[in-house]
Amino acid sequence: MEKFNNSIQIKVFIGFFALGVAIIGLVYFILFNSAQSQNLIDEKSRLHSLSDSLTRIQQSNDIYISNAARDYESYYRDLEVYYKVLISDISSIDKKTEDLARTNQVLTDISKKLFNLIASSEIEELKQSIENSRDSWENFRTELIKQFGTDLEEPRLEWGAKYIAENARSVSSKFDELISAFDKISSEQSELSKLSGQITVAVLLIFFISFAIFFYFHVANPLLIAKLAFQRVSEGDFGHQIRVRRHDEIGQL
């Protein structure tokens, strides 16, 4: 049993086995955090796209207000040029706000992970901000449809345009605040991914330095001592002895 415990082969095997386990764990850690970072990037892109759609509505509305003529011919032109595009953008934002449920789920999954630099309070605040943004959009959309009126063939364009001009920016600011908070969390997650890579490099560096020290003191230096002793024997010094304090393969040699 003592021979087994002092075997260099066993020590080297245990060292490389421990390194293998550490590398597998770190690789999993890196891949896991990279996947989370990519999920956050995807959700951030979704939020930016949502904000861009709302900005497009405001810009389109500003153009309509500044250029719209007040006659029947222009009114029916604006139904095609302004109103249909506006309804399309509203439907797009509806779909994107529904998809925020997925963003909430991504944040929930992150909060449950063991390795996580993001504070639970930050995640909860962000989830609440998502809900507030969705409610703000829903209220804005409901009131906007009321302003256009019940006649879908001849909506009240001026009423709707005035409502957008007065209220869209407050909704837009909600989404801007949400994006800002999300950018912060996404940045923290990216830092965690970066840290995991640095830890991997540090572990490998420590292992190779430790292995080099082990190899020198347990293999290279004892072999050098034995080599010098053999040279003295070859020169006729049969009384020379090496003091042996170890019982591994080198000690036996």
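In the block above lies the structure referred to throughout.
Definitions and cut-offs
Residues numbered from 1 in each chain as written. Predicted model: local features only at pLDDT ≥ 70, side-chain atom pairs only at ≥ 80, totals over all residues. Heavy atoms only, no water. Helix = DSSP H or I, 4+ residues; strand = E, 2+ residues; numbered from the N terminus. Rg over C-alpha atoms; globule rule 2.2 N^0.38 Å. Buried < 20%, exposed > 50% of the residue type's maximum accessible area, 1.4 Å probe, protein only. Contact = heavy atoms within 4.5 Å. Phe/Tyr/Trp six-rings, centres within 6.5 Å; stacked < 30°, edge-to-face > 60°. Core = buried A, V, L, I, M, F, W, Y, C linked by side-chain atoms within 4.5 Å. Salt bridge = Lys/Arg side-chain N within 4 Å of Asp/Glu carboxyl O. Axes fitted to C-alpha atoms, helices over the stretch in contact; angles between N-to-C directions. Parallel < 35°, antiparallel > 145°, perpendicular 65-115°, else oblique. Nonpolar A, V, L, I, M, F, W, Y, C, P; charged D, E, K, R; others polar. Left-handed = near helix turned anticlockwise from the far one by under 90°.

(A) Geometry of the overall build of the protein. Scanning the protein from N- to C-terminus turns up seven helices and zero strands. Reading the protein from its N terminus to its C terminus gives the helix and strand order α-α-α-α-α-α-α. In terms of overall size, the protein is more extended than a compact globule, its C-alpha atoms giving a radius of gyration of 35 Å where 253 residues would be expected to give roughly 18 Å. Put simply, the protein has 253 residues, and 34% of those count as buried. Long-range pairs, those at least 24 residues apart, make up 81% of the contacts in the protein between residues at least 6 apart in sequence.

(B) Representation of the packing of aromatic side chains within the structure. A complete count under the given rule lists six aromatic pairs for this structure. When the ring of Tyr-64 is compared with that of Tyr-82, the centres are 4.3 Å apart and the planes differ by 10°; the resulting orientation is stacked. Here the residue Tyr-64 occupies a position in helix α2 (residues 8-67), and Tyr-82 occupies one in helix α3 (residues 72-98), the gap between them amounting to 18 residues. This pair shows no difference in class: Tyr-64 is buried, exactly as Tyr-82 is. Taken together, a centroid distance of 5.2 Å and an interplanar angle of 85° make the contact between Tyr-75 and Tyr-76 edge-to-face. Tyr-75 gets classed as buried once you look at its relative accessible area, which sits at 18%. By relative accessible area, which is 39% here, Tyr-76 ends up partly exposed.

(C) Quick look at the nonpolar core. By size, the foremost hydrophobic cluster in this structure holds 35 residues, and its most contacted members are Trp-137, Phe-140, Leu-157 and Ile-164. Looking at this core, the elements that each hand over two or more residues are α2, α3, α4 (100-111), α5 (120-148) and α6 (157-234). Excluding residues that lie within four positions of it along the chain, Leu-157 makes contacts with Tyr-64, Tyr-75, Asp-78, Leu-79, Tyr-82, Tyr-83 and Phe-148.

(D) Spotlight on the pattern of salt bridges. Tallied over the full model, the rule gives twelve salt bridges. A salt bridge links Asp-62 to Arg-169, with the shortest nitrogen-to-oxygen separation between them at 3.6 Å. With Asp-62 in helix α2 and Arg-169 in helix α6, this pair connects stretches of sequence that are 107 residues apart. In this structure Asp-62 comes out as partly exposed when scored by relative accessible area, which is 33%. Lys-127 is the salt-bridge partner of Glu-124, the closest N and O atoms lying 3.8 Å from each other. Taken together, the positions of Glu-124 and Lys-127, both in helix α5 and three residues apart, correspond to about one turn of that helix. The exposure class of Glu-124 is partly exposed, given its relative accessible area of 44%.

(E) Here's a closer look at the packing of α4 against α5. Two elements in contact, α4 and α5, have axes separated by 10 Å at closest approach and are oriented at 170°. Considered as vectors, α4 and α5 are oriented roughly antiparallel to each other. Contacts between α4 and α5 involve Leu-100, Ala-101, Thr-103, Asn-104, Leu-107, Thr-108, Ile-110 and Ser-111 from the former and Ile-123, Leu-126, Lys-127, Ile-130, Glu-131 and Arg-134 from the latter. Of the residues assigned to the contact of α4 with α5, the class counts are seven nonpolar, four polar and three charged.

(F) Summary view of the environment of Ser-53. One can find Ser-53 in helix α2. Exposure remark for Ser-53: the relative accessible area of 1% places this residue in the buried category. Considered as a pair, Ser-53 and Arg-245 are 192 residues apart in the sequence and their alpha carbons are 78 Å apart. Not counting chain neighbours up to four residues away, the residues in contact with Ser-53 comprise Ser-92, Ile-93 and Lys-96.

(G) Geometry of the packing of α2 against α3. The interhelical angle for the contact between α2 and α3, taken along N-to-C directions, is 160°, at an axis separation of 9 Å. One finds that α2 runs roughly antiparallel with respect to α3. When you trace α2 past α3, the crossing you get is left-handed. Counted together, Ser-49, Leu-50, Ser-53, Leu-54, Arg-56, Ile-57, Ser-60, Asn-61, Tyr-64 and Asn-67 of α2 and Arg-77, Asp-78, Tyr-82, Leu-86, Asp-89, Ile-90, Ser-92, Ile-93, Lys-96 and Thr-97 of α3 form the full contact between these two elements. Of the residues assigned to the contact of α2 with α3, the class counts are eight nonpolar, seven polar and five charged.

(H) Molecular detail of the side chain of Ser-51. Here Ser-51 shows up in helix α2. According to the relative accessible area criterion, Ser-51 is buried, its value standing at 6%.

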